[in-house]
Amino acid sequence: GAASAGGGTVSEQAKEYDGAIDRGLEGVVTCTTSISAIEGTTLLYRGYTIEDLAANASFEEVVYLLWYGWLPTRRELDEFCTDLHHSMALPPESFGWFHGLPTRVHPMDFLHAVIAGLTLHDPDANLVNAAATLRKSTRLAARIGTIVAAYQRVRSGQWPLQPLAERSIAWNFLYMLKGEEPDAKTVQRFDTCLILHADHELNAGTFSARVTSSTLSGLYSSVMAAIGTLKGPLHGGANEQVARMLLEIKSPDRLEAWLENQLKSGEKIMGFGHRVYKEGDPRAKILKRMSQEITRESGHPELYEMSARLEELMQA
């Protein structure tokens, strides 16, 4: 077994101190923060509930709030958006990567590789002072959507599109993804999704980013560490596994038999059993309404019907 600093193997020490091990860092205080907090069934960004922000703010305003600690004035927001939106375009050298790297890979691996490549073209890459970190933060926050949209187009046999600096991050992502101007309702929905996923206290991805950052490795290294952590099926990858689960079930009339078989086999039912939220994720209330509308409009209402019915059965 692996040796530890305290003497003896890890497994031997685990037996000796059984009950004192904090699995998954549960209950361990690692830092204090005013950025975001989970209080019961409420998620707060800088003291504002996500329900209020989703209803009244844009994603750009929420980014400003998280970074600076207050909601911006009109002038502050205009200046911030100018910097952010003009940073969305990728450096010209990067477009060669999209046709040079394999695209039949997991999207998170591709994202990781492109961000690693961006470090080679960023003069601030290895600077760790506050001003340089803010410039890198702006570039990364602006460009990740550009990378994801470009990846999807290239693996579909299309050429990537450049963003339009006068438009929002949500608008540009949908435009670069589909190659056509998105309607206002779709943009608003996607903007809401970005707000809901902007921060989530000290989750596993944030924790790994902070560990990497603590060595002064730099922002790019920290974000890449977070992406690698987020990919896992017990973190951000859980969303992917839920989608695969619904595609496996196929139709509402097969759901109860499928669930009974899964439970008898002792298999996980993805999307249930959150470490922090014991009475439901507050983001899900907003996403559930959107899911019902979008699946109906897209001609796939069974996807919502299956997820809603599965929720009822699991609660029962």
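S.K.: Please explain the overall build of the protein chain as it appears in this structure.
M.R.: For the protein chain, the helix and strand inventory stands at 15 helices and 3 strands. Evaluated residue by residue, the protein chain yields a buried proportion of 35% over its 316 residues.

S.K.: Could you clarify how one ought to interpret the side chain of Asp 124 in this entry?
M.R.: By secondary structure assignment, the location of Asp 124 is in the loop between helix H6 (107-118) and helix H7 (130-155). Beyond its immediate sequence surroundings of up to four residues, Asp 124 is in contact with Ala 132, Arg 135, Lys 136 and Arg 139.

S.K.: Honestly, the nonpolar core in this entry has me stumped. Any pointers?
M.R.: Grouped burial of nonpolar side chains is what soluble globular proteins tend to show. Among the nonpolar cores identified, the biggest contains 22 residues, and Tyr 45, Leu 53, Val 62 and Ile 195 are the most heavily contacted of them. Broken down by secondary-structure element, the contributors of at least two residues to this core are strand S2 (42-45), helix H2 (50-56), helix H3 (59-68), helix H4 (74-85), helix H9 (184-196) and helix H14 (282-297). Element by element, the count of residues in this core is highest for H3, at 6 residues. For Leu 53, the contacting residues outside a window of four places in its chain are Tyr 45, Tyr 48, Val 62, Leu 65, Leu 71 and Ile 195. The next biggest cluster of nonpolar side chains, apart from the first, holds 21 residues, and it includes Phe 98, Met 108, Val 114 and Ile 227.

S.K.: What exactly am I supposed to notice about unusual backbone geometry here?
M.R.: Glycine aside, the phi torsion of most residues is negative, and most peptide linkages are trans. One non-glycine residue, Arg 46, lies in the positive phi region at around 50 degrees. Assignment of secondary structure puts Arg 46 in the loop between S2 and strand S3 (48-49). Positive phi values are uncommon outside glycine, yet Lys 250 reaches one of about 80 degrees. For Lys 250, the position within the fold is in the loop between helix H12 (237-249) and helix H13 (255-265).

S.K.: Explain the sheet that holds S2 here, please?
M.R.: As a general point, the strands of a sheet are linked pairwise by backbone hydrogen bonds and lie either parallel or antiparallel. With antiparallel pairing, the 3 strands of this open sheet are ordered in space as S1-S2-S3. Each edge of the sheet is formed by a strand with only one pairing partner; in this case those strands are strand S1 (36-39) and S3. Relative to S3, S2 runs antiparallel, the two being bridged by 2 bridges. Counted as the bridge partner of Leu 44 is Thr 49 from S3.

S.K.: Got a minute to help me understand the packing of H3 against H4 in this structure?
M.R.: A packed helix pair is summarised by two numbers, namely the angle formed by the two axes and the spacing between the axes. Two elements in contact, H3 and H4, have axes whose closest approach is 10 Å; the angle formed by their N-to-C orientations is 100 degrees. Accordingly, the angle class assigned to the pair H3 and H4 is roughly perpendicular. Counting all contacts with H3, which are made through Glu 60, Glu 61, Val 63, Tyr 64, Trp 67 and Tyr 68, the residues of H4 involved are Glu 76, Leu 77, Phe 80, Cys 81, Leu 84 and His 85. Looking at the contact of H3 with H4 residue by residue, the class counts come to 8 nonpolar, 1 polar and 3 charged.

S.K.: How should H9 be read in this particular structure?
M.R.: Since the α-helix turns once every 3.6 residues, residues separated by three or four places project in the same direction. Over its 13 residues, H9 runs 18 Å from end to end, which matches the ideal 18 Å to within 8%, given 1.5 Å per residue. Turning to H9, its buried residues are Val 187, Arg 189, Asp 191, Thr 192, Ile 195 and Leu 196. Looking at where H9 begins, the residue whose side-chain oxygen comes 3.1 Å from the main-chain nitrogen of Lys 185 is Asp 183.

S.K.: Hey, could you run me through the confidence of the model for the protein chain in this one?
M.R.: It should be kept in mind that the predicted coordinates are not to be read in detail where pLDDT is low. Across the protein chain, the average pLDDT comes to 88, with 90% of residues at or above 70. Per-residue pLDDT stays below 50 along residues 1-10; that stretch engages in 10 contacts with residues further than four places along the chain or on separate chains.

S.K.: How do you make sense of the packing of aromatic side chains when you look at a structure like this?
M.R.: Given two aromatic rings, one states the distance between the centres and the angle between the planes to describe the pair. Evaluated as defined, the whole model comprises 10 aromatic pairs. Pairing Trp 67 with Phe 80 gives two aromatic rings, centres 5.7 Å apart and planes at 90 degrees, and the pair type is edge-to-face. Of this pair, Trp 67 sits in helix H3 while Phe 80 is found in helix H4, placing the two residues 13 residues apart along the sequence. Taking the centre distance of 6.0 Å and the plane angle of 50 degrees together, the rings of Tyr 68 and Trp 70 count as tilted.

S.K.: What should I look at first to understand H4 in this one?
M.R.: Compared with the 16 Å implied by 1.5 Å per residue over 12 residues, the 16 Å span of H4 between its first and last C-alpha is a close match. Every buried residue of H4 is accounted for by Leu 77, Phe 80, Cys 81, Leu 84 and His 85. For H4, the buried positions fall inside an angular range of 115 degrees around the axis, keeping them on one side. Contacts made by the buried residues of H4 are with H3, H7 and helix H8 (169-178).

S.K.: What is the right way to read the pairing of S1 from this model?
M.R.: Every regular strand shows the same layout, with side chains that alternate between the two sheet faces. Side chains of S1 alternate between two faces, with Ser 36 and Ile 38 buried and Ala 37 and Glu 39 left unburied. With antiparallel pairing between neighbouring strands as the criterion, S1 and S2 make up a hairpin whose turn holds 2 residues, including Gly 40 at a positive phi of roughly 65 degrees.

S.K.: Sorry if this is basic, but what is going on with the side chain of Arg 189 here?
M.R.: Mapped onto the elements of the fold, Arg 189 is located in helix H9. Looking at Arg 189, its side chain comes within polar contact range of the side chain of Glu 297, at 2.9 Å. When neighbours within four sequence positions are excluded, Arg 189 is seen to be in contact with Met 290, Glu 293, Ile 294 and Glu 297.

The rules behind these values
Residues numbered from 1 in each chain as written. Predicted model: local features only at pLDDT ≥ 70, side-chain atom pairs only at ≥ 80, totals over all residues. Heavy atoms only, no water. Helix = DSSP H or I, 4+ residues; strand = E, 2+ residues; numbered from the N terminus. Buried < 20%, exposed > 50% of the residue type's maximum accessible area, 1.4 Å probe, protein only. Contact = heavy atoms within 4.5 Å. Core = buried A, V, L, I, M, F, W, Y, C linked by side-chain atoms within 4.5 Å. Pairing = 2+ DSSP bridges. Axes fitted to C-alpha atoms, helices over the stretch in contact; angles between N-to-C directions. Parallel < 35°, antiparallel > 145°, perpendicular 65-115°, else oblique. Nonpolar A, V, L, I, M, F, W, Y, C, P; charged D, E, K, R; others polar. Expected span 1.5 Å × (residues − 1). Polar contact = N/O pair within 3.5 Å; in protein donor to acceptor, adjacent residues only side chain to side chain. pLDDT = per-residue confidence, 0-100. Phe/Tyr/Trp six-rings, centres within 6.5 Å; stacked < 30°, edge-to-face > 60°. Arc of directions from axis to C-beta.

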